[in-house]
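Descriptive structure summary
Listed below are the residues making up each chain.
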Amino acid sequence: GEQVHMVLFLVMIVFLLQAVFMGKFGESIQNKWNLWEAKPLLSEKDAGNGYKEFRTAFYQATKEHATFRDMIFINYNQKHNMLVHTATRLKFIQEANLKASDFDFARYLSVALGVTLGELVEIPVKTWFILEGLLLFFWRCELAFVPNARIVLWILTGYCTAAAAYLVHAKVKLILHQYTAPLIREHHSDAFHATTSQAELEQQKLEEPSSFIKVSTADPKLVKKKKSLVKKNNILQRFFFKNDQQNNAEAARLIHTNSSDEELGKHIHHYHDLFWYGHHFHAHFTFDVIRLISLLTSIYSAIFVLVYFDDLVWYKFDPSDYSPEAKSWRARGQRPGGIFIFLLAIIPPGIVVHKLKSILEDFTVCANISEFKNRRYIEQVLRRQKTVAAFECLKVVQCFRDPQMLEAVLAIQIDHDEQKIPESKRSSSPTEFLINLTGRSTTSPTTQKAYLTTSRRGTSIRALEKIKDEDAAAYIENQKTHWHRIFDLFDDDKEGSIDRQEMQNLLTNFKCDEEHINRIISVLDIDNDGTITFDEFFSFANKLETYLEEHADPEKLTAEMFDIIDSDASGTITVHEMHRVVAEMLGQDLSVEDVFNVIQDLDEDGNGELDIEEFTILLHRFRIYE
């Protein structure tokens, strides 16, 4: 009885430690998503090797009939994962009717990941019943088998759990592939299609010849069959992309067996049918399997340490003892053999913990897209983005209001303006494919260089700093995307420039007199045409960011911004005071309820207001002065 209680206690300890590690893994996953959304898919290194890695990634991401075998045994490179992430983001944005260059998909996934990790440690009753059944089975085996057989059975259980982790990961990867492949194929261009030929030849070396449809143009029957297959596949792709529906293994089989279009249509299902038992349980059954794998690993580790470790390593052997335990000790090679078995036994938990990170990363994406997209998370992300833009705009107004700060900012010399980027940093993409995929239509060299760049203040500072070091052009495109959102708050008529009246309308709300407003316009209007273009505004924004990084006192600036919002000088910011500033004075599209939710997230004392400490946390969370 005491050993049973010790096992249960250790199971909970191991499971909680595993959950803590998953939390740490979650942070690294979020950083990866942020980096992928800030980093251009093609770099100078790719251009130097002829885009070889990307060609291979494109071929893998568009394979028509991917299988479990592909997902398990093919080593997909980082470029492939970035390409799939990009396609997933674009399709999600199209389905949700969002603006492609403006939605923080990484933030959306981060919210979903936090919820997923929280649900991972919540063990439902049905899972406990399953575990109880498994433990009863092993208890019966414990009574029936000799010691060495019990150890072998338990080690096999560990390896089966590790194998299950690989199968689950293959399943979620396959779902992502089926979700994104038609979109990537749809957006490819003829020019890019030609560049994939070498990747196809390289990839065929890793595949069995039977997995490719090779048709000789000399045989009319085979040519006719190939055309029929292509026709069916096009029908499948159109149905898949436009109606959020997917082909399953049966549909793929029907394509290969040249079945009729009507028969094929019967086997095209909704997105949830891609999951195990998805028709009834959607993604819940798959997640239950993931949770069960995690919990079984904890039980496996606890039982092996408490029950079998002593027998393997510290068994007190007596040469005159011929009991079953002593015979088993001799049979497995005594202590050296026991140590070897123990080392063999600790491999499965390591595999599972390592694999769980990738499983949770891909499952979080799969379980929150298409028909599973969470409107509440979307609204939360959009609310955060609008709030951040409002505070960034208020930061600019804060600078405009302070003549000394304005003069100090204007005195800053910027060494990394866009015009100073070497021409080598502005290489364009080899094809229009990526521009189509990311929803960007511009053909400027710098933009083509940053076709995957979708910056927002939600992008982690670490990710932006890495991009800044690796690719100056991409970093500037990130900054431009971010500052264009603030520029739009000044540009009321959305004509692409800020005229004197627009500047006056906004700054008058913050008690700036006409003389000071004219001074602001004169120093920002570099070409003296009477309006402030985005390039002129962006030049000032770069200087402001440099000033804040090198010379500003964040505590002082935070207190000043607090005083701007706290109109009645009560020492706290109410919902209506914040709404008046961000919505009425700055023109941001935020309701009172939106502002209330922002305050509620940080209102520790629950009085519905923010004091200076809570407001400081808010600005730190939004990285306004970082």
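Description of the structure in this document. (Residues numbered from 1 in each chain as written. Predicted model: local features only at pLDDT ≥ 70, side-chain atom pairs only at ≥ 80, totals over all residues. Heavy atoms only, no water.)

In terms of regular secondary structure, the protein is built from 31 helices and 4 strands. The burial tally for the protein puts 50% of its 626 residues in the buried class. Roughly 30,000 Å² of accessible area belongs to the protein as shown, and the carbon and sulfur atoms make up 56% of that amount. (Helix = DSSP H or I, 4+ residues; strand = E, 2+ residues; numbered from the N terminus. Buried < 20%, exposed > 50% of the residue type's maximum accessible area, 1.4 Å probe, protein only. Areas by Shrake-Rupley, 256 points an atom, 1.4 Å probe, with all protein chains shown as cover.)

Turning our attention to the side chain of Thr-62. For Thr-62, the position within the fold is in the loop between helix 3 (52-61) and helix 4 (68-73). Setting aside chain neighbours within four positions, we find Thr-62 in contact with His-177, Ala-181, Ile-184 and Arg-185. (Contact = heavy atoms within 4.5 Å.)

A word on the nonpolar core. In this structure, Phe-391, Phe-400, Phe-490 and Met-578 are the most contacted members of the largest nonpolar core, which totals 63 residues. With 9 residues, the top contributor of residues to this core is helix 19 (residues 375-401). In this view, Phe-391 contacts Met-561, Ile-565, Met-578, Phe-615, Leu-618, Leu-619, Phe-622 and Ile-624; residues no more than four positions away in its chain are not counted. Counting 57 residues, the second largest nonpolar core, distinct from the first, contains Tyr-51, Phe-92, Leu-109 and Phe-275. (Core = buried A, V, L, I, M, F, W, Y, C linked by side-chain atoms within 4.5 Å.)

A few words on the pattern of salt bridges. Side-chain pairing between opposite charges can occur once the charged atoms of the two side chains come close. Under the definition given, this model contains 9 salt bridges. A salt bridge links Glu-361 to Lys-32; its shortest N-O distance comes to 3.0 Å. In this pair, Glu-361 sits in helix 18 (residues 347-366) while Lys-32 sits in helix 1 (residues 2-38), placing the two residues 329 residues apart along the sequence. What makes Lys-32 partly exposed here is its relative accessible area of 23%. Residue Lys-395 is joined to Glu-545 by a salt bridge in which the shortest nitrogen-to-oxygen separation is 3.7 Å. Taken as a pair, Lys-395 in helix 19 and Glu-545 in helix 27 (residues 534-550) lie far apart in primary sequence, 150 residues in all. The burial state of Lys-395 is the same as that of Glu-545; both residues are buried. Here the salt bridges do not stand alone but share partners, grouping Lys-126, Asp-288 and Arg-291 into one network. (Salt bridge = Lys/Arg side-chain N within 4 Å of Asp/Glu carboxyl O.)

Judged by side-chain polarity, Ile-339, Phe-340, Leu-343, Leu-344, Ile-346 and Ile-347 come together as a nonpolar surface patch covering roughly 520 Å² of accessible area. Per-element tally for the nonpolar patch: the top contributor is helix 17 (residues 334-345), with 4 residues. Its place among the elements puts Ile-347 in helix 18. Residue Ile-347 is classed as partly exposed on the basis of its relative accessible area, which comes to 38%. (Patch = residues over 30% accessible without salt bridge, like charges linked within 9 Å, V, L, I, M, F, W, Y side chains within 5 Å.)

What follows deals with the packing of aromatic side chains. On inspection of all chains with the given rule, the structure shows 26 aromatic pairs. Taking the centre distance of 6.0 Å and the plane angle of 15 degrees together, the rings of Phe-105 and Tyr-108 count as stacked. Note that Phe-105 and Tyr-108 are positioned in helix 6 (residues 105-120) at a spacing of 3 residues, about one turn of the helix. By relative accessible area, Phe-105 is classed as buried at 0%. Ring geometry for Phe-304 versus Phe-342: centroids 6.3 Å apart, planes at 35 degrees, classification tilted. Taken as a pair, Phe-304 in helix 15 (residues 284-313) and Phe-342 in helix 17 lie far apart in primary sequence, 38 residues in all. Aromatic rings pair up to connect Phe-400, Trp-483, Phe-487, Phe-490, Phe-534, Phe-537, Phe-538 and Phe-540 into one cluster. Here Lys-91 stacks its cationic end above the ring of Tyr-179, 4.4 Å away from the centre of that ring. (Phe/Tyr/Trp six-rings, centres within 6.5 Å; stacked < 30°, edge-to-face > 60°. Lys NZ or Arg CZ within 6 Å of the ring centre and 35° of its normal.)

Further remarks concern the packing of helix 19 against helix 28 (residues 554-565). Look at helix 19 against helix 28: their axes get within 11 Å of each other, and the N-to-C directions meet at 100 degrees. Our classification of the angle between helix 19 and helix 28 gives roughly perpendicular. Here helix 19 contributes Phe-391, Leu-394, Lys-395, Gln-398 and Arg-401 to the contact with helix 28, which in turn contributes Leu-557, Glu-560, Met-561, Ile-564 and Ile-565. (Axes fitted to C-alpha atoms, helices over the stretch in contact; angles between N-to-C directions. Parallel < 35°, antiparallel > 145°, perpendicular 65-115°, else oblique.)

A word on helix 25 (residues 500-508). All of the buried residues along helix 25 are Glu-502, Met-503, Leu-506 and Leu-507. For helix 25, the arc enclosing every buried residue in end-on projection is 115 degrees, short of the 170-degree limit, so these residues lie on one face. Capping of helix 25 at its N-terminal end is provided by Asp-499; its side-chain oxygen lies 3.2 Å from the backbone amide nitrogen of Gln-501. (Arc of directions from axis to C-beta. Polar contact = N/O pair within 3.5 Å; in protein donor to acceptor, adjacent residues only side chain to side chain.)

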